[in-house]
Amino acid sequence: MIPLFLALAVLAPAIPATEGVRAAEPAKPQADMPQEAGAKLSGEAARVADWIAASRDNGALPYIIVDKKAAVLSLYDASGKSLGHAPVLIGVAVGDEASPGIGSKNLAEIGPAEKTTPAGRFLAKFGLAAGRQKVLWVDYATSVALHPIPKGAPKRERRRERMLSPTGDDNRITFGCINLPIAFYGKNVSPLFRKKGGYVYVLPDTKPLEAVFPRLRVQAAMNGGGV
C-alpha cells in the first residue's frame, strides 16, 4: 500500500510513496529468486488466462495475472505468450475490496484488516513515487503498486524468506502492494510495461471468480458451459 498523500507523480499531480520506504532493494539479495515458481497455474488462474487469450481482453497490451491464493504472478506479452512466473508478496489481510479512503491514509493509520490487495482488472502504468522511485501503479485510487521488496522493509517481516518459501502460506505481509523479485521485475516486467503499461488481473481471495471478472460468464456460454 502506497499512501496517496505522500506522492510525486507522472500520472497525476500527486502520487503516494511506496510502503514506508523510498527505494527498491538491491539486486543481489533477490538474485536467487525462482522465476518459475508456480509455473503450473491453478484452475482459476488457468481459466482467466484462457479467457484473456480467447477474448483478447488485454487489447494490444501485455498483462499479468496475480493469483493471491498461490502467491504467484504470471506474465504474458501482448500476444498472450507466457513469459514466466514469479512468487509475490501481497496484503496481510484476506479480502478483495480496498477500504474507502485507504489511499489518503498515513501508513500508521491503516489497520490490519485494511491491508488488502484488491481483486479485479486494472490498467497499470509506471509512475513516480516519493523519492522519485518508479513503480508500476496497479490501482492508483487505492494506492496499490507492483514493485520489488522495499529496501527499508523491517527485517522482522522476513519478506525475502517469505518469498523464497516453497508455499504461499506466509506470503501475506504487505500493506496491499504486490512485491516481486527484483530480477524478474527489472528484466521481464519493466521492459514490457515501460512504454504503454498493461493490464493486471488480480484473482480474488473469497469472491466468486465471475463476480470479479463478469466476462468469464460470456466465455463459459460460448464454450457451451453454464454460469
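Residues numbered from 1 in each chain as written. Predicted model: local features only at pLDDT ≥ 70, side-chain atom pairs only at ≥ 80, totals over all residues. Heavy atoms only, no water.

1. What to know about the overall build of the protein
Definition in use: Secondary structure elements follow DSSP: runs of H or I of four or more residues count as helices, runs of E of two or more count as strands, with numbering from the N terminus. Burial status follows relative accessibility: with a 1.4 Å probe on protein chains alone, a residue under 20% of its type maximum counts as buried, one over 50% as exposed, and anything between as partly exposed. The contact criterion used is simple: two residues touch if any of their non-hydrogen atoms lie within 4.5 Å. Accessible surface area values rest on a Shrake-Rupley calculation with a 1.4 Å probe, where residue burial reflects the displayed protein chains alone.
Secondary structure summary: the protein contains six helices and ten strands in total. Counting every position in the protein, which comprises 227 residues, the buried fraction comes to 54%. Within the protein, contacts between residues at least 6 apart in sequence are counted, and of these 68% link residues at least 24 apart. Approximately 10,000 Å² of the protein is accessible, and the part contributed by carbon and sulfur atoms is 56%.

2. Some points on the environment of Ala78
Note on placement: Ala78 falls in the loop between strand S2 (72–76) and strand S3 (82–87). Spatially, the C-alpha atom of Ala78 lies 9.0 Å from that of Leu192, the residues being 114 residues apart in sequence. Setting aside chain neighbours within four positions, we find Ala78 in contact with Arg56, Asn58, Gly59, Ala60, Leu61 and Pro62.

3. Concerning the pattern of salt bridges
Inclusion rule: Take a side-chain nitrogen of Lys or Arg and a carboxyl oxygen of Asp or Glu: if they are within 4 Å of each other, that pair is a salt bridge.
As enumerated under the stated definition, the model contains nine salt bridges in all. Its salt-bridge partner being Glu44, residue Lys69 comes within 3.7 Å of it at the nearest N-O pair. Here Lys69, found in the loop between strand S1 (63–67) and S2, pairs with Glu44, found in helix H2 (residues 43–55); they are 25 residues apart in sequence, far enough to count as distant. Glu210 is paired through a salt bridge with Arg47; the nearest N and O atoms lie 2.6 Å apart. With Glu210 in helix H5 (residues 209–212) and Arg47 in helix H2, this residue pair connects regions lying 163 residues apart in the sequence. The class of Arg47 is partly exposed, set by a relative accessible area of 32%. Residues participating in the shared-partner salt-bridge network are Lys68, Asp96, Arg172 and Asp205.

4. Side note on the confidence of the model for the protein
Test applied: Confidence of the predictor in every single residue is expressed as pLDDT, which spans 0 to 100.
Here the protein averages 81 in pLDDT, and 73% of its residues register 70 or above. Low pLDDT, under 50, characterises residues 20–33; the stretch is placed with 40 contacts to residues that sit more than four places away or in other chains.

5. Topic: a positive patch on the surface
Which entries qualify depends on this criterion: Within this analysis, patches are made of residues with over 30% relative accessible area and no salt bridge. Like charges are joined at 9 Å or less; nonpolar side chains (Val, Leu, Ile, Met, Phe, Trp, Tyr) at 5 Å or less. In this tally, Asp and Glu contribute negative charge and Lys and Arg positive charge; neither His nor the terminal groups of the chain are included. Charged groups are reduced to one reference atom each: NZ for lysine, CZ for arginine, CG for aspartic acid, CD for glutamic acid.
Together, Lys134, Arg194, Lys195 and Lys196 make up a region of like positive charge exposed at the surface. Relative to the helices and strands, Arg194 is located in the loop between helix H4 (182–193) and strand S10 (198–202). By relative accessible area, which is 51% here, Arg194 ends up exposed.

6. Let's talk about the sheet that holds S3
Let me state the cut-off plainly: Only strands that DSSP links by at least two bridges are regarded as paired with each other. With axes taken as lines fitted to C-alpha atoms, and helix axes fitted only over the stretch in contact, angles between N-to-C directions fall between 0 and 180 degrees.
Taken together, eight strands build an open sheet; the order of strands is S3-S2-S1-S10-S5-S6-S7-S9 and the sheet is mixed. Single-partner strands in this sheet number two, and they are S3 and strand S9 (178–179). For strand S6 (residues 133–139) and strand S7 (residues 144–147), the ladder comprises three bridges, and the chain directions are antiparallel. Across the sheet, Leu136 pairs through a bridge with Leu146, a residue of S7. Against the sheet, H4 engages S1, S2, S3, strand S5 (120–129), S6, S7 and S10, with an angle of about 45 degrees to S2.

7. With respect to H2
Rules: Helix span, as expected, comes to 1.5 Å for every residue beyond the first. Think of the arc as the fan of directions from the helix axis to the C-beta atoms.
Across its 13 residues, H2 extends 18 Å between first and last C-alpha, which sits within 8% of the 18 Å expected from 1.5 Å per residue. For H2, the set of buried residues is Ala45, Val48, Ala49, Trp51 and Ile52. Take H2 and look down its axis: the buried residues cluster within an arc of 160 degrees, on one side only. Seen from the buried face of H2, the exposed residues on the opposite side, beyond 90 degrees, are Gly43, Asp50 and Ala54. Two residues or fewer past H2, Arg56 is found with a positive phi of approximately 55 degrees.

8. A closer look at the packing of aromatic side chains
Rules: Stacked, tilted and edge-to-face are the three classes applied to pairs of Phe, Tyr and Trp rings, where Trp contributes its six-membered ring and a pair requires centres within 6.5 Å; stacked means planes under 30 degrees apart, edge-to-face means over 60, and tilted covers the rest. A ring has a charge above it when a Lys NZ or an Arg CZ is no more than 6 Å from the ring centre and no more than 35 degrees off the ring normal.
This model, assessed by the stated rule, comprises eight aromatic pairs. A ring pair is formed by Tyr63 and Tyr76, whose centres lie 4.9 Å apart and whose planes are at 10 degrees; its orientation type is stacked. With Tyr63 in strand S1 and Tyr76 in strand S2, this residue pair connects regions lying 13 residues apart in the sequence. When sorted by exposure, Tyr63 lands in the same class as Tyr76, which is buried. Through a chain of ring-to-ring contacts, the aromatic side chains of Trp51, Tyr63, Tyr76, Tyr199, Tyr201 and Phe213 assemble into a single cluster. Above the ring of Phe175, the side-chain terminus of Lys115 is found at 4.2 Å from the ring centroid.

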